[in-house]
Amino acid sequence: MRVTEAMGVRVGPPKKRDEGWFTSLYAAEYAHIVRYGLRRLGDGDAAAELAQDVFVVAWRRRVEVPDRSLPWLYGVARRLLANQWRSRRAAPDLLPITDVDLARSAGSPGADATVEVADVRTALATLNELDQEILRLVGWEELTVSEAAKVLGCTGPTAAVRLHRARRRLAEAMADRPAQTRRSPVLVTIREDL
(Lines give C-alpha, C1' and ligand atoms only; values in the text may rest on other atoms or scores of the structure.)
Protein backbone atom coordinates (compact mmCIF):
# COMPACT_ATOMS: atom_id res chain seq x y z
CA MET A 1 0.00 0.00 0.00
CA ARG A 2 1.46 3.34 -1.04
CA VAL A 3 1.15 6.15 1.48
CA THR A 4 2.36 9.67 0.79
CA GLU A 5 3.30 12.45 3.16
CA ALA A 6 1.63 15.81 2.55
CA MET A 7 2.49 18.62 4.96
CA GLY A 8 3.26 16.10 7.68
CA VAL A 9 -0.07 14.24 7.32
CA ARG A 10 -0.30 10.65 6.18
CA VAL A 11 -2.54 10.38 3.15
CA GLY A 12 -3.94 7.02 2.16
CA PRO A 13 -6.81 4.68 2.85
CA PRO A 14 -8.03 4.55 6.43
CA LYS A 15 -6.41 1.79 8.47
CA LYS A 16 -9.71 -0.04 8.80
CA ARG A 17 -9.97 -0.36 4.99
CA ASP A 18 -7.38 -3.13 4.78
CA GLU A 19 -7.57 -6.65 3.42
CA GLY A 20 -9.64 -7.80 6.40
CA TRP A 21 -12.22 -5.09 5.75
CA PHE A 22 -12.34 -6.02 2.08
CA THR A 23 -12.68 -9.74 2.82
CA SER A 24 -15.61 -9.01 5.14
CA LEU A 25 -17.25 -6.74 2.55
CA TYR A 26 -16.78 -9.36 -0.15
CA ALA A 27 -18.20 -12.16 2.00
CA ALA A 28 -21.22 -10.08 3.03
CA GLU A 29 -22.18 -8.58 -0.33
CA TYR A 30 -20.87 -10.83 -3.12
CA ALA A 31 -24.03 -12.94 -3.37
CA HIS A 32 -26.20 -9.80 -3.57
CA ILE A 33 -24.13 -8.41 -6.45
CA VAL A 34 -24.20 -11.74 -8.31
CA ARG A 35 -28.02 -11.88 -7.99
CA TYR A 36 -28.21 -8.25 -9.18
CA GLY A 37 -26.19 -9.20 -12.28
CA LEU A 38 -28.08 -12.44 -12.83
CA ARG A 39 -31.42 -10.62 -12.90
CA ARG A 40 -30.12 -8.24 -15.54
CA LEU A 41 -27.92 -10.53 -17.61
CA GLY A 42 -29.61 -13.93 -17.28
CA ASP A 43 -26.20 -15.66 -17.32
CA GLY A 44 -24.49 -16.93 -14.17
CA ASP A 45 -20.96 -16.60 -15.55
CA ALA A 46 -21.56 -13.04 -16.73
CA ALA A 47 -23.13 -12.15 -13.37
CA ALA A 48 -20.12 -13.57 -11.49
CA GLU A 49 -17.76 -11.64 -13.76
CA LEU A 50 -19.73 -8.44 -13.12
CA ALA A 51 -19.48 -9.06 -9.36
CA GLN A 52 -15.72 -9.49 -9.65
CA ASP A 53 -15.45 -6.21 -11.56
CA VAL A 54 -17.56 -4.45 -8.91
CA PHE A 55 -15.25 -5.63 -6.16
CA VAL A 56 -12.15 -4.58 -8.11
CA VAL A 57 -13.62 -1.07 -8.17
CA ALA A 58 -14.51 -1.33 -4.47
CA TRP A 59 -10.92 -2.22 -3.61
CA ARG A 60 -9.47 0.57 -5.76
CA ARG A 61 -11.92 3.12 -4.34
CA ARG A 62 -12.17 1.68 -0.81
CA VAL A 63 -11.89 5.09 0.84
CA GLU A 64 -15.11 6.09 -0.93
CA VAL A 65 -17.13 3.01 0.06
CA PRO A 66 -19.71 4.03 2.68
CA ASP A 67 -20.42 1.94 5.75
CA ARG A 68 -23.80 0.95 4.23
CA SER A 69 -22.03 -0.38 1.14
CA LEU A 70 -24.69 -2.34 -0.77
CA PRO A 71 -26.37 0.63 -2.52
CA TRP A 72 -22.92 1.96 -3.46
CA LEU A 73 -21.95 -1.45 -4.88
CA TYR A 74 -25.22 -1.62 -6.85
CA GLY A 75 -24.42 1.82 -8.27
CA VAL A 76 -21.00 0.57 -9.40
CA ALA A 77 -22.61 -2.52 -10.97
CA ARG A 78 -25.18 -0.37 -12.74
CA ARG A 79 -22.49 1.89 -14.21
CA LEU A 80 -20.36 -1.08 -15.28
CA LEU A 81 -23.35 -2.64 -17.04
CA ALA A 82 -24.19 0.66 -18.73
CA ASN A 83 -20.61 0.93 -19.99
CA GLN A 84 -20.72 -2.65 -21.32
CA TRP A 85 -24.05 -2.08 -23.05
CA ARG A 86 -22.87 1.17 -24.60
CA SER A 87 -19.73 -0.51 -25.89
CA ARG A 88 -21.80 -3.24 -27.54
CA ARG A 89 -24.24 -0.67 -28.96
CA ALA A 90 -27.11 -3.09 -28.48
CA ALA A 91 -29.42 -3.50 -25.52
CA PRO A 92 -29.39 -7.04 -24.10
CA ASP A 93 -32.43 -9.01 -23.10
CA LEU A 94 -32.67 -7.80 -19.53
CA LEU A 95 -34.96 -10.47 -18.15
CA PRO A 96 -35.16 -13.46 -20.46
CA ILE A 97 -38.01 -15.86 -19.86
CA THR A 98 -36.35 -19.25 -19.82
CA ASP A 99 -37.80 -22.46 -21.13
CA VAL A 100 -37.89 -23.66 -17.51
CA ASP A 101 -40.35 -20.87 -16.67
CA LEU A 102 -42.62 -21.94 -19.51
CA ALA A 103 -42.25 -25.70 -19.02
CA ARG A 104 -44.40 -26.03 -15.91
CA SER A 105 -47.82 -27.42 -16.58
CA ALA A 106 -50.91 -25.72 -15.20
CA GLY A 107 -51.44 -28.38 -12.53
CA SER A 108 -47.88 -28.56 -11.24
CA PRO A 109 -46.91 -27.10 -7.87
CA GLY A 110 -45.77 -23.51 -8.24
CA ALA A 111 -47.10 -23.19 -11.79
CA ASP A 112 -49.26 -20.17 -10.90
CA ALA A 113 -46.32 -18.42 -9.28
CA THR A 114 -44.15 -19.16 -12.33
CA VAL A 115 -46.79 -17.80 -14.69
CA GLU A 116 -47.15 -14.68 -12.53
CA VAL A 117 -43.38 -14.12 -12.56
CA ALA A 118 -43.32 -14.59 -16.32
CA ASP A 119 -46.24 -12.14 -16.66
CA VAL A 120 -44.47 -9.55 -14.52
CA ARG A 121 -41.23 -10.02 -16.46
CA THR A 122 -43.04 -9.63 -19.77
CA ALA A 123 -44.80 -6.45 -18.61
CA LEU A 124 -41.60 -5.13 -17.07
CA ALA A 125 -39.77 -5.55 -20.38
CA THR A 126 -42.23 -3.13 -22.01
CA LEU A 127 -41.18 -0.31 -19.65
CA ASN A 128 -38.30 2.07 -20.23
CA GLU A 129 -34.94 1.28 -18.64
CA LEU A 130 -35.29 3.78 -15.78
CA ASP A 131 -38.72 2.41 -14.80
CA GLN A 132 -37.35 -1.14 -14.90
CA GLU A 133 -34.34 -0.23 -12.79
CA ILE A 134 -36.24 1.57 -10.01
CA LEU A 135 -38.72 -1.32 -9.78
CA ARG A 136 -35.90 -3.89 -9.66
CA LEU A 137 -33.90 -1.96 -7.07
CA VAL A 138 -36.84 -1.54 -4.72
CA GLY A 139 -38.72 -4.76 -5.46
CA TRP A 140 -36.00 -7.32 -6.12
CA GLU A 141 -32.92 -5.86 -4.47
CA GLU A 142 -35.08 -4.74 -1.50
CA LEU A 143 -33.53 -1.30 -1.22
CA THR A 144 -35.34 1.60 0.40
CA VAL A 145 -36.32 4.48 -1.85
CA SER A 146 -33.46 6.59 -0.46
CA GLU A 147 -30.96 3.76 -1.10
CA ALA A 148 -32.29 3.35 -4.66
CA ALA A 149 -31.87 7.10 -5.12
CA LYS A 150 -28.18 6.74 -4.27
CA VAL A 151 -27.80 3.97 -6.85
CA LEU A 152 -29.58 6.07 -9.49
CA GLY A 153 -27.75 9.27 -8.56
CA CYS A 154 -30.86 11.29 -7.74
CA THR A 155 -32.61 12.66 -4.65
CA GLY A 156 -34.95 10.61 -2.47
CA PRO A 157 -38.08 12.55 -3.49
CA THR A 158 -37.17 12.17 -7.17
CA ALA A 159 -36.74 8.41 -6.72
CA ALA A 160 -40.08 8.22 -4.89
CA VAL A 161 -41.84 9.94 -7.80
CA ARG A 162 -40.06 7.68 -10.31
CA LEU A 163 -41.09 4.62 -8.31
CA HIS A 164 -44.72 5.75 -8.11
CA ARG A 165 -44.85 6.37 -11.86
CA ALA A 166 -43.06 3.13 -12.67
CA ARG A 167 -45.50 1.13 -10.53
CA ARG A 168 -48.41 2.80 -12.31
CA ARG A 169 -46.92 2.02 -15.74
CA LEU A 170 -46.27 -1.60 -14.70
CA ALA A 171 -49.87 -1.98 -13.56
CA GLU A 172 -51.03 -0.53 -16.89
CA ALA A 173 -48.76 -2.90 -18.81
CA MET A 174 -50.15 -5.83 -16.82
CA ALA A 175 -53.73 -4.67 -17.53
CA ASP A 176 -53.05 -4.30 -21.28
CA ARG A 177 -52.63 -8.05 -21.76
CA PRO A 178 -55.45 -10.24 -23.10
CA ALA A 179 -58.12 -11.12 -20.52
CA GLN A 180 -57.38 -14.88 -20.48
CA THR A 181 -53.76 -14.29 -19.37
CA ARG A 182 -54.30 -11.24 -17.21
CA ARG A 183 -53.28 -11.51 -13.57
CA SER A 184 -52.49 -8.95 -10.94
CA PRO A 185 -48.75 -8.48 -10.46
CA VAL A 186 -47.32 -10.03 -7.33
CA LEU A 187 -44.77 -7.62 -5.89
CA VAL A 188 -42.86 -7.85 -2.66
CA THR A 189 -43.62 -5.47 0.17
CA ILE A 190 -41.67 -2.32 -0.49
CA ARG A 191 -39.79 -0.37 2.18
CA GLU A 192 -40.22 3.30 1.43
CA ASP A 193 -38.38 5.06 4.22
CA LEU A 194 -36.97 8.28 2.88
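Quick caveat, the model's predicted, so the values are computed rather than measured.

Q: Explain the side chain of Asp131 residue by residue, including any values.
A: For Asp131, the position within the fold is in helix α6 (residues 129–140). Taking relative accessible area as the criterion, Asp131 reaches 4% and is therefore assigned buried. Ignoring anything within four residues of it in the chain, the contact list for Asp131 reads Arg162, Ala166 and Arg169.

Q: So what's going on with the packing of aromatic side chains? Which residues, and what values?
A: Summed over the entire model, instances satisfying the criterion amount to eight aromatic pairs. Ring geometry for Trp21 and Phe22: centres 6.5 Å apart, planes at 50 degrees, overall tilted. For Trp21, a relative accessible area of 18% corresponds to the buried category. Its relative accessible area of 17% is what places Phe22 among the buried residues. Above the face of the Tyr36 ring, Arg40 is positioned so that its terminal group lies 3.6 Å from the ring centre.

Q: Lay out the packing of α6 against helix α8 (residues 156–175) with the relevant residues and their values.
A: The geometry of α6 relative to α8 is characterised by a closest axis approach of 9 Å and an angle of 105 degrees between their N-to-C directions. Our classification of the angle between α6 and α8 gives roughly perpendicular. Within the contact between the two elements, α6 uses Leu130, Asp131, Ile134, Leu135 and Val138 and α8 uses Ala159, Arg162, Leu163, Ala166, Arg167, Arg169 and Leu170.

Q: So what about the environment of Gly44? Which residues, and what values?
A: Within the fold, Gly44 resides in helix α2 (residues 44–60). Considered as a pair, Gly44 and Val34 are 10 residues apart in the sequence and their alpha carbons are 7.8 Å apart.

Q: Can you lay out unusual backbone geometry for me, pointing to particular residues and giving the numbers?
A: In this structure, Glu142 takes a positive phi of about 60 degrees despite not being glycine. Inspection of the secondary structure puts Glu142 in the loop between α6 and α7 (145–152).

Q: Break down α7 for me, citing the residues and quoting the values.
A: Among the eight residues of α7, six are classified as buried, and the element is accordingly described as predominantly covered. After α7 finishes, the residue Gly153 shows a positive phi value of roughly 75 degrees.

Q: Help me get a handle on the environment of Ala173, residues and values and all.
A: For Ala173, the position within the fold is in helix α8. Linking Ala173 and Ala123, residues 50 residues apart in sequence, is a C-alpha distance of 5.3 Å. For Ala173, the contacting residues outside a window of four places in its chain are Ala123 and Thr126.

Q: Quick rundown of the pattern of salt bridges? Include the residues and the values.
A: Per the stated rule, a full pass over the model turns up 11 salt bridges. Residue Arg40 is joined to Glu133 by a salt bridge in which the shortest nitrogen-to-oxygen separation is 3.2 Å. You can see Arg40 sitting in helix α1 (residues 19–41) and its partner Glu133 sitting in helix α6, a full 93 residues away along the chain. Look at Arg40 and you get buried, because its relative accessible area is 1%. Glu172 serves as the salt-bridge partner of Arg168, at 3.7 Å between the closest nitrogen and oxygen. With a gap of four residues between them, Arg168 and Glu172 both fall in helix α8, about one helical turn apart. Overlapping salt bridges, with partners in common, bring together Arg39, Arg40, Arg78, Glu129, Glu133, Arg136 and Glu141 in one network.

About the cut-offs
- Residues numbered from 1 in each chain as written.
- Predicted model: local features only at pLDDT ≥ 70, side-chain atom pairs only at ≥ 80, totals over all residues.
- Heavy atoms only, no water.
- Helix = DSSP H or I, 4+ residues; strand = E, 2+ residues; numbered from the N terminus.
- Buried < 20%, exposed > 50% of the residue type's maximum accessible area, 1.4 Å probe, protein only.
- Contact = heavy atoms within 4.5 Å.
- Phe/Tyr/Trp six-rings, centres within 6.5 Å; stacked < 30°, edge-to-face > 60°.
- Lys NZ or Arg CZ within 6 Å of the ring centre and 35° of its normal.
- Axes fitted to C-alpha atoms, helices over the stretch in contact; angles between N-to-C directions.
- Parallel < 35°, antiparallel > 145°, perpendicular 65-115°, else oblique.
- Salt bridge = Lys/Arg side-chain N within 4 Å of Asp/Glu carboxyl O.

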